[in-house]
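Each chain, written out:
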Amino acid sequence: MPVYSFADSILVKDTAPEVYVVEKGDTLWDISNMYLDKPWQWPELWRTNIHITNPHLIYPGDELRLVKNEKGETVLDVVRESSKPEIKLSPEGSKSLKVPNAIPALPWSVIKPYIENEMIMSQQAYDRYPYILGDHEGAVRYATDSLVLGKAARRSKENLNIVRKQNELFDMDGNFIGLQVRHLAKAKLVDADLDNQALIKILEAKLEVKRGDKIIPAVTTEPDEVLLVAAQDQTGYIIDDLEQHNLLGKYNVVVLDLGSDKVSAGTIMGIYSQGPRIIDGKQPKYEGESEMIRSAFNQGDEISQPALKVGEVVIFKTFDTASYALITKSAKVIKRGMIVAKP
């Protein structure tokens, strides 16, 4: 699979501001794009800031200045005022230092629903979880404040989520790699003396809950630490999307067939489109264009076209066999089957 890309070299945009003050609402991705065509090179601009231990943590009020170092290289200086520590008083009366929040790496408002409400799990894990049985009224759909009966779990947890299988995920060879599972509601276990069942109150239903929906322990929704880094040797495919659209573009979320053993939150990958194979004969044809019977005498040479870069994605959530990624740049419509590799 030939992939066409350019050698890495740090090139600051001509439009990059000489001085920029970070504001609340900025994202690290937007700012790095403001300065660089290759935003994954962001840490390289921070070479002279020995007082900054993590270039991925910048704060509102930080002043960014483009300067030349002793070697004539363009670098980014950061001027950060040492603000006075603020004391935070809790309702219980205890005091603690209030730590300022760094700006997020990616647009949190875009990816938050997917971090909170979507997940990928194995069929075996999904089948193990208990499920909703029904309610006292004989209803088949349930909403916020409904009291329902469910199968009891071996290890009961007070805080619960109710989920449902959305679709099955397959890699490009047709191998099953997991279930895409959608969050339906938050719920809470109600104290009741039941043998094999559990009484559950639905607290926040984003979608209707039905009989058979799975009951799982509540999970934390804090995002993984995102460190922007370019992929190196990893190669995979876009195998699905979370909006169930056929045509995708910037800020749509896609599923990649790369698990947590290969990528992590913050991994940046290029999106590549590979044209159809060409059958090189007296009359060149695309593979599949002709219905004629191909043989050793008329087949001709098969030519694989190079994969050309058409966009970029940033991975923001990983699972065992797949990951979620945000499309941050697209020069054409993004589809299932496109390649992801070194940006």
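Only a predicted model underlies this, so the values are computations on that prediction, with no experimental measurement involved.

A.B. asks: Is there a simple way to think about the overall build of the protein in this case?
C.D. replies: In terms of helices and strands, the protein carries 3 helices and 25 strands. In the protein, the proportion of contacts linking residues at least 24 apart, taken out of those at least 6 apart, comes to 69%. Summed over all atoms, the accessible surface of the protein reaches about 20,300 Å², with 49% contributed by carbon and sulfur.

A.B. asks: Mind showing me how you'd approach the pairing of strand β12 (residues 176-190) here?
C.D. replies: Within a regular beta strand, the side chains point alternately toward one face of the sheet and then the other, so they alternate between its two faces. Relative to β12, strand β7 (residues 118-121) runs antiparallel, the two being bridged by 4 bridges. Following the sheet pairing, M119 is matched in β12 by V181. Here strand β11 (residues 159-170) hands over to β12 after 5 residues, with G174 in that stretch at a positive phi of 85 degrees. Here β12 runs beside strand β13 (residues 197-205); their pairing, made up of 6 bridges, is antiparallel. Looking at the pairing, L189 lines up with I200 of β13. Here β12 folds back onto β13 in antiparallel fashion, the turn holding 6 residues.

A.B. asks: Hey, could you run me through the sheet that holds strand β2 (residues 19-21) in this one?
C.D. replies: Backbone-to-backbone hydrogen bonds join strands into a sheet, with any given pair of strands oriented parallel or antiparallel. On the basis of which strands lie adjacent, the open sheet formed by 3 strands has the order β2-β3-β4 and antiparallel pairing. For this open sheet the edge positions go to β2 and β4 (74-79), each flanked by a neighbour on one side alone. Put simply, the sheet's adjacent strands are angled 25 degrees from each other on average, direction ignored.

A.B. asks: Help me out: how do you make sense of helix α2 (residues 108-117) in this one?
C.D. replies: One turn of an α-helix holds 3.6 residues; hence residues three or four places apart share an orientation. Buried within α2 we find I111, Y114, I115 and N117. In this fold, the buried residues of α2 make contact with β7, β12, β18 (253-256), β23 (307-318) and β24 (323-330).

A.B. asks: Sorry, what's going on with the confidence of the model for the protein here?
C.D. replies: Detailed conclusions should not be drawn from predicted coordinates in areas where pLDDT is low. For the protein, per-residue confidence averages 83 on the pLDDT scale, and 84% of positions sit at 70 or higher. Confidence scores differ between elements of the protein, with strand β1 (residues 3-4) showing the lowest mean pLDDT of 36 and strand β14 (residues 209-210) the highest of 96. The model gives residues 292-297 a pLDDT under 50, and that stretch makes 6 contacts with residues more than four places away or in other chains.

A.B. asks: Can you walk me through the environment of E116 in this structure?
C.D. replies: Tracing the chain through its elements places E116 in helix α2. For E116, a relative accessible area of 25% gives the class partly exposed. Distance from E116 to R182, taken between C-alpha atoms, is 9.7 Å for residues 66 residues apart in sequence.

A.B. asks: Which parts of the structure should I look at to understand the environment of A105?
C.D. replies: Its location among the elements puts A105 in the loop between β6 (95-98) and α2. The class for A105 is buried, based on a relative accessible area of 12%. Along the chain, A105 and G266 lie 161 residues apart, while their C-alpha atoms are 8.2 Å from each other.

A.B. asks: So what exactly am I meant to see when it comes to the side chain of S323 here?
C.D. replies: Here S323 is to be found in strand β24. A residue is classified by how much of its surface remains accessible, and S323, at 0% relative accessible area, is buried. Separated by 3.0 Å, the side chain of S323 and the backbone oxygen of L258 make a polar contact. Apart from the residues within four sequence positions on either side, S323 is in contact with V254, V255, L256, L258, V263, I315, K317 and T318.

A.B. asks: Teacher, can you tell me more about a nonpolar patch on the surface here?
C.D. replies: On the surface, Y131, L133, L149 and L194 cluster together to form a nonpolar patch covering roughly 290 Å² of accessible area. Tracing the backbone shows L133 in strand β8 (residues 132-135). Note on L133: relative accessible area 33%, which makes it partly exposed.

A.B. asks: Is there a simple way to think about the nonpolar core in this case?
C.D. replies: When a protein is soluble and globular, its nonpolar side chains tend to lie buried together. Counting 50 residues, the largest nonpolar core has I31, Y35, W42, L64 and F316 as its most contacted members. Broken down by element, this core gets its largest block of residues, 4 residues, from helix α1 (residues 28-35). The next biggest cluster of nonpolar side chains, apart from the first, holds 17 residues, and it includes V254, L258, M338 and V340.

Calculation notes
- Residues numbered from 1 in each chain as written.
- Predicted model: local features only at pLDDT ≥ 70, side-chain atom pairs only at ≥ 80, totals over all residues.
- Heavy atoms only, no water.
- Helix = DSSP H or I, 4+ residues; strand = E, 2+ residues; numbered from the N terminus.
- Contact = heavy atoms within 4.5 Å.
- Areas by Shrake-Rupley, 256 points an atom, 1.4 Å probe, with all protein chains shown as cover.
- Pairing = 2+ DSSP bridges.
- Axes fitted to C-alpha atoms, helices over the stretch in contact; angles between N-to-C directions.
- Buried < 20%, exposed > 50% of the residue type's maximum accessible area, 1.4 Å probe, protein only.
- pLDDT = per-residue confidence, 0-100.
- Polar contact = N/O pair within 3.5 Å; in protein donor to acceptor, adjacent residues only side chain to side chain.
- Patch = residues over 30% accessible without salt bridge, like charges linked within 9 Å, V, L, I, M, F, W, Y side chains within 5 Å.
- Salt bridge = Lys/Arg side-chain N within 4 Å of Asp/Glu carboxyl O.
- Core = buried A, V, L, I, M, F, W, Y, C linked by side-chain atoms within 4.5 Å.

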